[in-house]
Amino acid sequence: MTSVDSIVQAAPAATCTPDLADGPWTFDLQPPGYGPGASMGDTIPDAAPRQGVLPEAYTRMSPEELDARIVAAKRTLGDRLVVLGHFYQRDEVVKHADFVGDSFQLANAALTRPDAEAIVFCGVHFMAETADILSRDEQAVILPNLAAGCSMADMADIDSVEQCWAELEAIYGTEPDADGRVPVIPVTYMNSSAALKAFCGDHGGIVCTSSNAATVLEWAFERGQRVLFFPDQHLGRNTAKAMGIGLDAMPMWNPRKPLGGNDEASLRDARVLLWHGFCSVHRRFTVAQVEQARAEHPDVRVIVHPECPMPVVDAADESGSTDYIRKAVEAAPAGTTFAIGTEINLVQRLAEEHPEHTIFCLDPVVCPCSTMYRIHPGYLAWVLDGLLEGRVENRIEVAPEVAGSARVALERMLAAKP
Ligand code: SF4
């Protein structure tokens, strides 16, 4: 099996940083950061959770010892436990998952196991929050490494969004127009904190995923004159552009500037206000990489994730969610060549699962999502051993009032499904 981990260990110099070859626990002891990988240059908020020291025994175990420990713990815990693995997790973790998918698929998968006492979410913090919101109160949702945040989600904090909202209300007022549409509807991407989902629930807004963003924007435009879309500018821009909205009607909101860096006139003309957030993993993809793939493989099919910048999406043959990408690969005739612009663990796994195709990552440099990469089998073994001993480590709990409002926004999304 050629996992990303095995590539990193064999050739650390060929990756975006040789620090990837170190155990993630090395970075738990350093000043707060997202760790090595694509988002390592981003700023981690002061309020982000901190991972404590992983017991040394888990840092010293061989991969085989960790595997045996995880398998034994899962066997003993049986139906009391469900382990969820995001597509972007390393293979060494994914192989222990009962369900593998994107964040929303996994939250729904957890709902199929209402009797499980513990849901171990091998993903990032906002995903564990969503699972906690949707699961029963008695179920404990566990994030094996608390440092596994999401740098994009962390680019929109609730205080900045509330400040933005107050500034927008001062300009637009709060009264609906003659068609009953309110001045602005907040839309948050699934990749956001529970507090932002709750904000949307409380302000007539909604959640979207990368699969249903267009449906959700249509829902919002039926109810509002314009949309405030956070935190990912690229998903918002790519989706709105495909719906025919001009770029000049999509000003960016930079929370560090008055009026988000805009003047009142442009805000009045706006259809979609784009928060100044992005995914550092998908921002690595470039038009030059697409051109190089086409030059080297004239018949290549280029598929990128809509979190990529607009010029990259425009240069690609298709764009879509992780689920879209997986299905496109599965449905293609044998012998298809794919250049894929999304997180390397997913691309590498698709290449392993589909030897009938040629599949490679658009970015020739191996650079996984640094926050996803904080989950290592050592942390998974540690939290499972804790459960065996009656300890719940790293529980993620969303306050009931926040969870209630966030659930409203999530339920609107489910109801908006075409
Ligand atoms: S890939 Fe991007 S959006 Fe996904 S968890 Fe990593 S930083 Fe966040």
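Residues numbered from 1 in each chain as written. Predicted model: local features only at pLDDT ≥ 70, side-chain atom pairs only at ≥ 80, totals over all residues.

### Thoughts on the environment of Ile325
Okay, step 1: Tracing the backbone through its elements, the reader meets Ile325 in helix H15 (residues 322-331).
Okay, step 2: It is 37 Å that separates the C-alpha atoms of Ile325 and Arg60, two residues lying 265 residues apart in sequence.
Okay, step 3: Once residues lying within four places of it in the same chain are set aside, the contact partners of Ile325 are Ile303, Gly320, Ile340 and Thr342. (Helix = DSSP H or I, 4+ residues; strand = E, 2+ residues; numbered from the N terminus. Contact = placed C-beta atoms within 7 Å.)

### Considering the UniProt feature "binding site: [4Fe-4S] cluster" (unreviewed entry) in the protein chain
Okay, step 1: Per the UniProt annotation, the sites labelled "binding site: [4Fe-4S] cluster" (unreviewed entry) are Cys150, Cys279 and Cys369. Of the residues just listed, which span 220 residues, no C-alpha pair is farther apart than 9.2 Å, and they cluster in one region.
Okay, step 2: On the secondary structure map, Cys150 appears in the loop between strand E4 (140-142) and helix H8 (158-172).
Okay, step 3: Apart from residues lying up to four places away in sequence, Cys150 is in contact with Val124, His125, Phe126, Asn191 and Thr371.
Okay, step 4: Excluding residues within four positions of it along the chain, Cys369 makes contact with Gly37, Ala38, Ser39, Tyr88, Val281 and Glu343. (UniProt positions renumbered as here; feature names shortened; annotations may be inferred.)

### Looking at the site of the ligand
Okay, step 1: Surrounding the ligand, one finds 14 residues, the nearest of these being Cys150, Met152, Cys279, Val281 and Cys369.
Okay, step 2: For the shell around the ligand, the class distribution of residues is 8 nonpolar, 5 polar and 1 charged. (Near = placed C-beta within 6 Å. Nonpolar A, V, L, I, M, F, W, Y, C, P; charged D, E, K, R; others polar.)

### Some remarks on H8
Okay, step 1: The first and last C-alpha atoms of H8 sit 20 Å apart over 15 residues, in line with the 21 Å expected at 1.5 Å per residue.
Okay, step 2: Considering only its buried residues, H8 is in contact with helix H9 (194-202), strand E7 (227-230) and strand E8 (252-253).
Okay, step 3: Of the residues trailing H8, Gly173 is marked for its positive phi of about 75°. (Expected span 1.5 Å × (residues − 1).)

### Considering unusual backbone geometry
Trans peptide bonds make up most of the peptide bonds, and negative phi angles are found at most residues other than glycine.
Okay, step 1: A cis amide bond links Phe230 to the next residue, Pro231, at an omega of -5°.
Okay, step 2: Secondary-structure assignment places Pro231 in the loop between E7 and helix H11 (233-242).
Okay, step 3: Although it is not a glycine, Leu259 adopts a positive phi angle of roughly 50°.
Okay, step 4: Non-glycine residue Asn394 carries a positive phi angle of around 55°.
Okay, step 5: Within the secondary structure, Asn394 sits in the loop between helix H17 (377-388) and helix H18 (400-415).
Okay, step 6: Residue class for Asn394 comes out buried when judged on the 22 C-beta atoms lying within 10 Å of it. (Buried ≥ 20, exposed ≤ 12 C-beta atoms within 10 Å, placed from the backbone.)

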